[in-house]
Amino acid sequence: MRCASFTLALLMGALAACSQAERGVVPVAGPPAPPQSLTRPPQPPEAVELTEDAEKMKAAILREAERGALRSLGRLASQQEGFISNIGGQDHYEFWDLLRRTGVDPNRKIRDLFEGPPGKREIDGETWFVWPDIAAKDARDLIPEKLTFLERRRLRELVGEDGIARIRAGEGYPGMRTAISADGRWVYFVLGQDGEE
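Everything quoted here is computed from the prediction, not taken from an experiment.

What the protein chain contains, in helices and strands, is 7 helices and 4 strands. Beginning at the N terminus, the succession of helices and strands in the protein chain can be written as α-α-α-α-α-α-β-β-α-β-β. Here the protein chain holds 197 residues, and the buried ones make up 37% of them. Counting only contacts in the protein chain whose residues sit at least 6 apart along the sequence, the fraction spanning at least 24 positions is 52%. Accessible surface, the protein chain: about 12700 Å² in total, of which carbon and sulfur atoms supply 55%.

Once that is clear, we can look at the environment of Leu50. One can find Leu50 in the loop between helix H2 (36-39) and helix H3 (52-67). Its relative accessible area of 17% is what places Leu50 among the buried residues. Ignoring anything within four residues of it in the chain, the contact list for Leu50 reads Glu55, Lys58, Pro118, Phe129 and Trp131.

Structurally, Thr178 is set in strand S3 (residues 177-181). Take Thr178: its relative accessible area is 0%, and that puts it in the buried class. Reaching out from Thr178, the side chain makes a polar contact with the side chain of Trp186 at a distance of 2.8 Å. Side-chain polar atoms of Thr178 contact the backbone oxygen of Tyr188, separated by 2.6 Å. Beyond its immediate stretch of four places on either side in the chain, Thr178 contacts Ile110, Leu113, Phe114, Phe129, Val130, Trp131, Trp186, Tyr188 and Phe189.

Tallied over the entire structure, the rule returns 13 salt bridges. With a closest N to O distance of 3.1 Å, Arg185 and Glu126 form a salt bridge. Taken together, the residues Arg185 in the loop between S3 and strand S4 (186-190) and Glu126 in strand S2 (residues 126-131) connect sequence positions 59 residues apart. Arg185 sits in the partly exposed class, given a relative accessible area of 21%. For Lys137, the salt bridge is made with Glu151, and the minimal N-O distance between the two is 3.5 Å. In this pair, Lys137 sits in the loop between S2 and helix H7 (149-168) while Glu151 sits in helix H7, placing the two residues 14 residues apart along the sequence. Among the charged side chains, a network of salt bridges with common partners joins Asp97, Arg100 and Arg101.

Turning to the packing of aromatic side chains, a few remarks are in order. Taken as a whole, this structure holds 7 aromatic pairs when the rule is applied. Their ring planes at 85° and their centres at 4.7 Å tell us that Phe114 and Trp131 sit as a pair that is edge-to-face. Of this pair, Phe114 sits in helix H6 (residues 106-115) while Trp131 sits in strand S2; the two residues are 17 residues apart in sequence, bridging distant segments of the chain. With relative accessibility at 5%, the residue Phe114 sits in the buried group.

Strands sit in the order S1-S2-S3-S4 across an open sheet of 4 strands; the sheet is antiparallel. The open sheet has two free edges, formed respectively by strand S1 (119-123) and S4, since each of these has just one partner strand. For this sheet, the mean inter-axis angle between neighbouring strands, taken without regard to orientation, is 25°. Here 4 bridges tie S3 to S4, and the two strands are oriented antiparallel to one another. Bridge pairing in S4 places Ala179 opposite Tyr188.

This next bit is on the environment of Arg108. Relative to the helices and strands, Arg108 is located in helix H6. Judged by relative accessible area, which is 47%, Arg108 ranks as partly exposed. Residues Arg108 and Glu66 lie 42 residues apart in sequence; the distance between their C-alpha atoms is 8.0 Å.

Our focus in this paragraph is the layout of surface pockets. When its volume is computed, the second largest pocket comes out at roughly 240 Å³. For the lining of the second largest pocket, the elements supplying multiple residues, two or more each, are H6 and H7. Its residues assigned to classes, the lining of the second largest pocket shows 6 nonpolar, 2 polar and 4 charged.

What counts and what doesn't
- Residues numbered from 1 in each chain as written.
- Predicted model: local features only at pLDDT ≥ 70, side-chain atom pairs only at ≥ 80, totals over all residues.
- Heavy atoms only, no water.
- Helix = DSSP H or I, 4+ residues; strand = E, 2+ residues; numbered from the N terminus.
- Buried < 20%, exposed > 50% of the residue type's maximum accessible area, 1.4 Å probe, protein only.
- Contact = heavy atoms within 4.5 Å.
- Areas by Shrake-Rupley, 256 points an atom, 1.4 Å probe, with all protein chains shown as cover.
- Polar contact = N/O pair within 3.5 Å; in protein donor to acceptor, adjacent residues only side chain to side chain.
- Salt bridge = Lys/Arg side-chain N within 4 Å of Asp/Glu carboxyl O.
- Phe/Tyr/Trp six-rings, centres within 6.5 Å; stacked < 30°, edge-to-face > 60°.
- Pairing = 2+ DSSP bridges.
- Axes fitted to C-alpha atoms, helices over the stretch in contact; angles between N-to-C directions.
- 1 Å grid on protein atoms, 1.4 Å probe; cavity = no way out; pocket = protein on both sides within 12 Å on 5 of 7 lines; lining within 4 Å.
- Points joined across faces, edges and corners; volume = space filled by probe spheres on them.
- Nonpolar A, V, L, I, M, F, W, Y, C, P; charged D, E, K, R; others polar.

This is the structure:
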């Protein structure tokens with residue numbers, strides 16, 4: 001009996017030693033750590049610096065828009081090589097005047113666009129500054145799930161649910177926008193995506 005008690009005590013001691021050793025080896029598991037990129041606060045995009053020529057053209061456009069001179073704005077647009085304002089090739093002033101008569105004031109719209117920061121795009125080896133900045137993104141990068149929360153909210157404010165549905169269908173930015181090239185050429189002021197094709 002003493003032998004059985006001794007064996008039992010030895011077994012209990014061995015089990016206790018094993019269980020303590022196992023506890024020391026088993027790491028304490030906590031919740032998984034998120035990737036480092038998710039633990040940093042969102043970084044604002046770097047500010048886009050306009051070239052001197054682009055700044056001059058922006059100032060010339062704003063000067064006409066602030067005066068409310070739609071005919072002068074149309075003349076300025078006509079002086080730009082390849083400028084686009086509409087798909088049908090209608091005279092820029094006539095098209096913008098039609099917009100104004102239907103409740104969309106091009107002078108106010110261009111001023112509103114220039115109040116925000118520009119985006120930057122490379123088109124056929126040429127740098128374009130695009131307003132609003134979100135319109136400079138490729139169509140595949142405009143899908144709301146690829147945007148930050150702030151960009152999603154701005155996109156919804158700019159183009160609404162219908163515009164977001166068009167983006168999801170593969171279209172580019174469907175809202176009003178404008179662009180000036182780095183060499184100071186006013187490239188387009190359009191309602192939809194037809195300025196970059």
